Each structure stands twice: as structure tokens, then as C-alpha cells.
Amino acid sequence: MGDSLSALLRQSAGIAMDSETRRTAFGAAEVDEWLGGGVRRDGVHEWYAASIEDGACAAAMALLLAERRREERQSILWLRERRGERGAGHPYGPGLVDLGLDPDSIVLLRLGDVTAMLRAAADSVRHGGAASVVLEVHGKAPALDLTASRRLALAAARSDVMVQLVRSDTEPAASVAHSRWRVASAPSVALEANAPGLPAFDLELLRHRGGREGLQCRLEWDRDKGCFQTPLSGGLSAPSVGGTDRADGRRAA
Amino acid sequence: MRITALSPAALALGLAPGMALADARARVPELPAHPHDRQADAALLAWLADACERYTPMVATKGEAGLILDLTGCGPSFRQKQESRGMEAVLAQESPGFRHDDEAERAIARDLADRLSQQQLTARLAFAATPDTAYALACFAGSNPHDLPVQALALDESVHIALMRAGLRTIGDLAARPRTPLAARFGTELPTMLARLLEEEDVRITPRRKLPPVVAERRFAEPMMTTGPLLGRIAELAGEACDDLRRRGQGGRHFGVALFRVDGHVARLSVETGAPTRTPAAIERLFHERLDALADPLDPGFGYDMLRFAVLHAETLDAKQDGLADRAGDKPDPGPLFDRLAVRFGAESVRRFHPRDHHFPEYAATTRPARAPVPQLAWHRPEPGEPPLRPLTLFDPPQAITVLAEVPDGPPYRFQWKGRQHRVTLAEGPERLAYPWWRHPEGKGPTRDYYRVEDEQGHRFWVFRHGLFGEQDDTPDWYLHGLFA
């Protein structure tokens, strides 16, 4: 009797721990507190670039979050559209290393169109071997509708893979994403001799299913620690709740 | 213009290949003529050679119109006879040669003759113990090598004439004579060719395709008219081939399926894997993807009557024992996923990053298909505390920008890209990269001065000045080469 009870206790502790570990934290205390420990590690997350120049920034956010979620020997799948590469440039290995990513763990898929990307993403997510599947989509994508995002979300939850959509040059569309962020580059903290410093991002949480929305913050990526942090120079932006954003987020969903 | 080939009807009128067309027209004014299309002939011969692979994988073409099939040991697999007919007509003349006689091999010859006549192809079939003899017999429509004319030796025309002048008209005349004087008078090649013709020397043929290490095949009494049951058949054959692979302690990297249609058309599909495998289910899944991804679907026409599954490339794969260690927490191996994606979207679409040993940014790294070998070079790791010095995305080619900068080598003050003005607030540079002179025919090219710059909004760019002041006559241009996060 005592044995079975303790087994039950252990089991329930396991469940509690499970819900704890099902989140991927940013590493910056304020943000993680707001999000309740991070974003869902098997959810769908959207990164909207605030302007065309912020496309690289939004992609970097997705890759860095994927890197934080990645376990040993897991890979990250980065899906891109072949025709988008003229405007957005080609992913560059040394740049990935400089961000603290491991290029050997990233597999790049260059595909013909968004439909092919969705098919490849569905396959990859269902397989369950990757830490995260990142889809980079430029412009409006009618194929990426509510049904498509719902399909991805279901597959992601079933096989414990994080799906991230990086969107640029478009307005948020209806989706079942667990979180939706607007990303913009933020001025970095200057180094000696007026040199640009560590990568900094301005984030705005447009939508957060089952959580608080409206978070606005500035994060800096620290490659050596492998986590996000609030900028060290004191230009710290306190998280603030945006009243209107919440309503907007609902309507968009 | 000369006549190269004639139809049987034209031959019956007394015309012969080699005649001038004008002479032939003088005799038969209504003679229709078509230009000789060597490429179409070669394509037809290749098509026939493919179709003949249903009998043996050892098929070689010879000359412009010859096929040589090595049927050694092919009899037993052919004993299950098949019945199926109905075809279109193609016109040409071929002469496949056969070697070695045996009941089963004669059955193969009958089957081949049958199929060829249905295609309205005229063929001369011949059996012999060596390829050269069979080819000569087929070319001169003989049955005994000794009765063949000396032209069957396929030597220089002058040698043939010399032999005729010496009164040696047939191979039989030559065979009876001692070889050494023949060699002394007509050249050393003659005894060699003679030995080959008389089945004394055997020169093996080189098949058109590399022989696969493992093959499994299935013939159908009723041709398969739809592609529905195809996958099931492939899975069966894959199972057989995998048993074979297991016995050899090998796994396949490259698998192929050849579908032989009753009218002689052969469709081929192949899949590759990133690591050796012998799991029939995985192979079947890859072929499923392959069939789905076909740009134009398979056309079964009058049906497929034979299916051959081949392991085209095999590597050592030792048996692994599983189930002992607790593997429940392990994530699935991504290898099969990449194989599947490569089959569906093309091997070029699935890529990995590779470093290269070069200082110039666009040559310093590349992406290669995921199946390419693992890189030998390591990535250059950045110093702790340093901000990223290389951009996340690189433009190829670099994008031209208009820049306001201090002369001669100051960082940009402001620049315009895609019609938008960016005022630079932070900048670092220059990082001076010399042009790789060994790549340039004249051994020189503009030096690049790279700057990391940040604008007012916080966008970080990688820009460079293409050339130094004074290095060339006009003012250097500026380019945007990449975007930082």
C-alpha cells in the first residue's frame, strides 16, 4: 500500500515536472516570469519582422530560441523559400557560429514555394527528431492559413517539436499560434571606439494563448552564456502591459 | 548523297546500301528517302538494350546496330514463362547476338524474336560461346563460323582485300593454316581476331550498366495495368534483397527499381539514403515518396510484366543488437527524415553548412547537399565577449548602395539602400580583405574594406568599400554584403 502510494506521488511529481519542462525559457528573468517560465516547447510561435530590414533579426530570434531548446545531437530545421533568397540573402555559416549557433546541427531546406514548405514542415514535425522547425516566409502567404497552422500545432504537440514561423513584409494573419511576437532590431550597447555591440532585439508579445499579452521588452543575446538578457547599460526597459494590444491580439485570432 | 539503309521492299527492287541517291531515283523514281538520323538510331539501340535487360543485366551494344547479351546462367530465372502482347510499330534494323545454346536460352531467343517482330524490327539472332563469334554470325547471317567470309574478322579493309587476293575467302580457309605465317604476312592482329571468331579466345563484354551487388526480380503472368499494387511488389522485392544484404553483412545506400513494360519501355526509379540500411519498410517509404514526387506519373500503358529491384550500391553494415539498453527517452534518428525530404524535394534542397579554408567572405563557407561527406574543417570559433563579426545572411551578389563617407578610409556616415536612408550611429572598421590575386587572370583586384555599422533604429549591416582611394582611377563603390541580427 505504502509502496503504491509513494509510486503515485512520484508519478504526480513527474507530471508537475513535466509541465515545468514543457516550456523553453529565454533566460532573461523578467520575460520568463511574464511568460510563466517561457514559451511552450511543443507549440507554434510566430515572429513578425517589424520592417523589411528586421527579417534577419526575426530569423535570428527563432534560431536562438531553437538553440536554447535544442538537446545534444538534436538538429534544427530551417525551411526557406528559394525565391526569397535574392531579397533576404543566403544564410551564412560563420554568421551562425558568431551568434553561438552550431551550423553542423542546422539543416537548411531550400524549397520552391510555401506549399512545399508546409509539406516538408509537416513531415519533419511528425518525425519528431528535430528540436525545432523554423519556417521563414516572406510576404503574404495564402497557403499558410488557419487550417495549415492548426495542422502544424497538432503535429507539434504530438511529437514534441517546436514550430516557429518567421514572417516578414506582411501583417499578422489568423493562426492558432501559442505566441506571436513582433521583432525589431534595437540599438546595441556600444563597445569601445563606438563599435556596434551584442545583438539586441525589441520584442512585443502580440499574442499569448493562455497567458498574459502585451509584454514589451528589449533583449540582448549573450553568446557566451547562451541566453537572452536585458541590456547591461541600464537602458533597461521594464516590462509593461499594453492595454490595446490585448484586444488587437484577440481580434487577429 | 548516298544510301545508308534500305527497307526490305527497296532491297527487293535491287537497290543496295552505298548507292548514290540520284542513281537509285533514276531506277525507282518514286523512291521515298529520309535523311539518316544517327542520334535517333543510337537512341533506339539504347532503348532496345534497356528492354533486353529483362533477360540479363549483362547487355552491351556493339557498333551502330548490334546488341550482345550474356545469357550465362540466365535460363532458370526465365523458365516461368509469360504471356502478354500488343504493341506499336517502330522501323529499324538491329542484330542482337547470342551466345551458348541451351533449351532455356533458346526460349529467351524465341521470346526476344517475338517481341522484336511485334515492334516490326528486323533482327538476326545468333548464339555462340563467345561474344565475337555470335556477333560475326549475326552480322553475316551464318550458322558456322568456318563458312563466314574473311570480312567477319573486322580488320582493316586492306587486309581483307589481301586475304581475298591470296585466295583465302572464308574463315575456314584461314583456320586450317598455321597462324605464324599468317601473322607475318597479314599483321599480328589477324591471329587474335581469328582466335576470337573460332571461340578459342573469350573476351567478356562490358555491360552498359554497372552490375548491382544484389538483385531481386519478379515476372508477372498478367501484366500490371495500374500503379496501385506497385508499391506492395516493391516492398516484397525489397524484403528479399534485404535478406540477401543481411547475409552479406551489408546495407544499401542506393536502390533502384526497373519497370519493364510489355512494349519494351523501361521506367527506372531510384532512391538514395544517407546511411546504409536494410530495413524494407524504410526503403518502401522512400519509394513511396519517389512515386509521389514524380513530375509526370508512371504510364503503365499495356502493363508492366517484370519488375527488378536492385541494390545499386552497398556498404558494410554490422548487425546491431537493440532492446538491451533503455532507449525510451531517445529521440528518433533524423537520418531517414533527411533521406525522405531529399527524395521528395530533390537532393539539392536539403543542405548543410560547410566551412571552407578561405579568407574571402563569399568563399569562406558554403552549403552542400546533406548527403555530402562530413566536413573535415572546423568552424572558426569567436573570442568570448566579442560581438558577431560576420552577418547572419549574406547577399550574393552584394547589393550596391550609395554612401556618404569620409575620404579616404572613414566609415560610412550615411547610406541609401532600397530607397531608404540609414544614418550610421555606430561603426567598426575597416577590416581590410585583400583580393585573392590567384583567382584573377591579371593577378589583382580591388581590396575590400569592411565595416560593421548600426543605424539609428538599431539595424546592423555589413558594408564594404570596393577598392581603395588611389588604387584605381575612379571613386570606389560601396556595397552592402550582409545583415546582422
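Residues numbered from 1 in each chain as written. Chains lettered and ligands numbered in written order. Predicted model: local features only at pLDDT ≥ 70, side-chain atom pairs only at ≥ 80, totals over all residues. Heavy atoms only, no water.

Engineer: Can you help me understand the overall build of chain B in this one?
Structural biologist: When helices and strands are tallied, chain B shows 13 helices and 16 strands. Residues classed as buried in chain B amount to 44% of the 485 residues present. Total accessible area computed for chain B in this model is approximately 25100 Å², and 51% of it derives from carbon and sulfur atoms. (Helix = DSSP H or I, 4+ residues; strand = E, 2+ residues; numbered from the N terminus. Buried < 20%, exposed > 50% of the residue type's maximum accessible area, 1.4 Å probe, protein only. Areas by Shrake-Rupley, 256 points an atom, 1.4 Å probe, with all protein chains shown as cover.)

Engineer: Is there a simple way to think about the sheet that holds strand S7 (residues 266–277) of chain B in this case?
Structural biologist: Two pairing modes exist for strands in a sheet, parallel and antiparallel, and in both the strands are linked by backbone hydrogen bonds. Residue and element names in this part refer to chain B. Read from one edge to the other, the open sheet built from four strands follows the order S5-S8-S6-S7, with strand pairing classed as antiparallel. In this open sheet, the two edge strands, each paired with only one partner strand, are strand S5 (214–224) and S7. The sheet shows a mean angle of 15° between the axes of neighbouring strands, taken without regard to direction. In this structure, S5 lies alongside strand S8 (residues 304–316), joined through seven bridges in antiparallel fashion. Looking at the pairing, alanine 216 lines up with phenylalanine 309 of S8. Lying on the sheet, helix H12 (residues 280–293) is in contact with strand S6 (250–261), S7 and S8; it crosses S7 at an angle near 135°. (Pairing = 2+ DSSP bridges. Axes fitted to C-alpha atoms, helices over the stretch in contact; angles between N-to-C directions. Contact = heavy atoms within 4.5 Å.)

Engineer: Explain the pairing of strand S2 (residues 66–69) of chain B to me, please; I cannot follow it from the model alone.
Structural biologist: A regular strand places its side chains so that they alternate between the two faces of the sheet. Residues and elements named next belong to chain B. The alternating pattern of S2 places Gly66 and Ile68 on one face and Leu67 and Leu69 on the opposite face, and all of these are buried. Note that strand S1 (residues 59–62) and S2 share four bridges and pair antiparallel. For valine 59, the partnering residue across the bridge sits in S2 and is leucine 69.

Engineer: Is there a simple way to explain the interface of chain B and chain A in this structure?
Structural biologist: How big an interface is tends to be reported as the loss of accessible area on association of its parts. Listed by partner, the interface residues are 61 residues for chain B and 65 residues for chain A. At the junction of chain B with chain A, the criterion picks out two salt bridges. Among the salt bridges present, the one from glutamate 53 of chain A reaches arginine 420 of chain B, with a minimum N-O distance of 3.7 Å. At the level of elements, helix H13 (335–345), strand S9 (350–355), strand S10 (365–369), strand S11 (393–405), strand S13 (420–433), strand S14 (448–455) and strand S15 (460–466) of chain B are the ones that each hand at least two residues to the side of chain B that touches chain A. Sheet topology places strand S5 (residues 90–91) of chain A next to S11 of chain B; two bridges connect them, and they run antiparallel. Counted as the bridge partner of proline 91 of chain A is threonine 393 of chain B from S11 of chain B. (Salt bridge = Lys/Arg side-chain N within 4 Å of Asp/Glu carboxyl O.)

Engineer: Before we go on, may I ask you to explain the nonpolar core in this structure?
Structural biologist: Looking at soluble globular proteins, one finds that nonpolar side chains tend to be buried together. By size, the foremost hydrophobic cluster in this structure holds 53 residues, and its most contacted members are Phe26, Val31, Trp47, Trp78, Trp181, Phe201 and Leu203 of chain A. Considering every element that reaches this core, the biggest residue donor is helix H3 (residues 55–69) of chain A, with ten residues. For tryptophan 47 of chain A, the residues in contact, after removing those within four places along its chain, are Phe26, Ala58, Met61, Ala62, Leu65, Gln164, Leu165, Val166, Arg167, Trp181, Val183 and Leu203 of chain A. Within the second largest apolar cluster, 35 residues are counted, among which are Ala116, Ala130 and Val163 of chain A together with Leu341 of chain B. (Core = buried A, V, L, I, M, F, W, Y, C linked by side-chain atoms within 4.5 Å.)

Engineer: Honestly, the sheet that holds strand S3 (residues 44–49) of chain A in this entry has me stumped. Any pointers?
Structural biologist: Read from one edge of the open sheet, eleven strands run S12(A)-S11(A)-S10(A)-S9(A)-S3(A)-S8(A)-S7(A)-S4(A)-S6(A)-S9(B)-S10(B), paired in mixed fashion. Each of the sheet's edge strands pairs with one partner strand only, and the pair in question is strand S12 (227–229) of chain A together with S10 of chain B. Each strand of the sheet is rotated relative to its neighbour by a mean of 30°, with strand direction disregarded. Inspection of the sheet shows strand S9 (residues 179–185) of chain A paired to strand S10 (residues 200–208) of chain A by seven bridges, in the antiparallel sense. By the bridge assignment, arginine 180 of chain A is partnered in S10 of chain A with arginine 207 of chain A. Running at roughly 170° to strand S8 (residues 162–168) of chain A, H3 of chain A makes contact with S3, strand S4 (75–81), strand S7 (130–138), S8, S9, S10, strand S11 (216–222) and S12 of chain A of the sheet.

Engineer: Explain the packing of H12 of chain B against H13 of chain B to me, please; I cannot follow it from the model alone.
Structural biologist: Describing two packed helices takes the angle between their axes plus the distance from one axis to the other. Residues and elements named next belong to chain B. Where H12 meets H13, the closest approach of the two axes is 8 Å, and the angle between their N-to-C directions is 20°. Judged by the angle between their axes, H12 and H13 are roughly parallel. In the crossing of H12 with H13, the sense of the turn from one axis to the other is right-handed. In this structure, H12 uses Arg285, Leu286, Glu289, Arg290 and Ala293 to contact H13, whose residues at the interface are Asp339, Arg340, Val343 and Arg344. (Parallel < 35°, antiparallel > 145°, perpendicular 65-115°, else oblique. Left-handed = near helix turned anticlockwise from the far one by under 90°.)

Engineer: Before we go on, may I ask you to explain H3 of chain A in this structure?
Structural biologist: Since the α-helix advances by 3.6 residues per turn, residues separated by three or four positions end up pointing in the same direction. Helix length check: H3 of chain A, at 15 residues, gives a terminal C-alpha distance of 21 Å against a target of 21 Å (1.5 Å per residue), a fit within 8%. Across the 15 residues of H3 of chain A, 14 count as buried, placing the element largely inside the fold. (Expected span 1.5 Å × (residues − 1).)

Engineer: Would you mind going over the packing of helix H11 (residues 230–248) of chain B against H12 of chain B with me for this structure?
Structural biologist: Residues and elements named next belong to chain B. Viewed as axis vectors pointing N to C, H11 and H12 meet at an angle of 145°, and their least axial separation amounts to 9 Å. The element H11 and its partner H12 pack so that their crossing is right-handed. Contact with H11, carried on its side by Leu230, Leu231, Ile234, Ala235, Ala238, Gly239 and Cys242, involves Pro280, Ile283, Glu284, Phe287, His288 and Leu291 of H12 and no other residues of that element. In terms of residue class, the contact of H11 with H12 is made up of ten nonpolar, two polar and one charged. (Nonpolar A, V, L, I, M, F, W, Y, C, P; charged D, E, K, R; others polar.)

Engineer: Looking at this structure, how should I read the environment of aspartate 169 of chain A?
Structural biologist: Locating aspartate 169 of chain A in the fold gives a position in the loop between S8 and S9. It is 4.8 Å that separates the C-alpha atoms of aspartate 169 of chain A and glycine 139 of chain A, two residues lying 30 residues apart in sequence.

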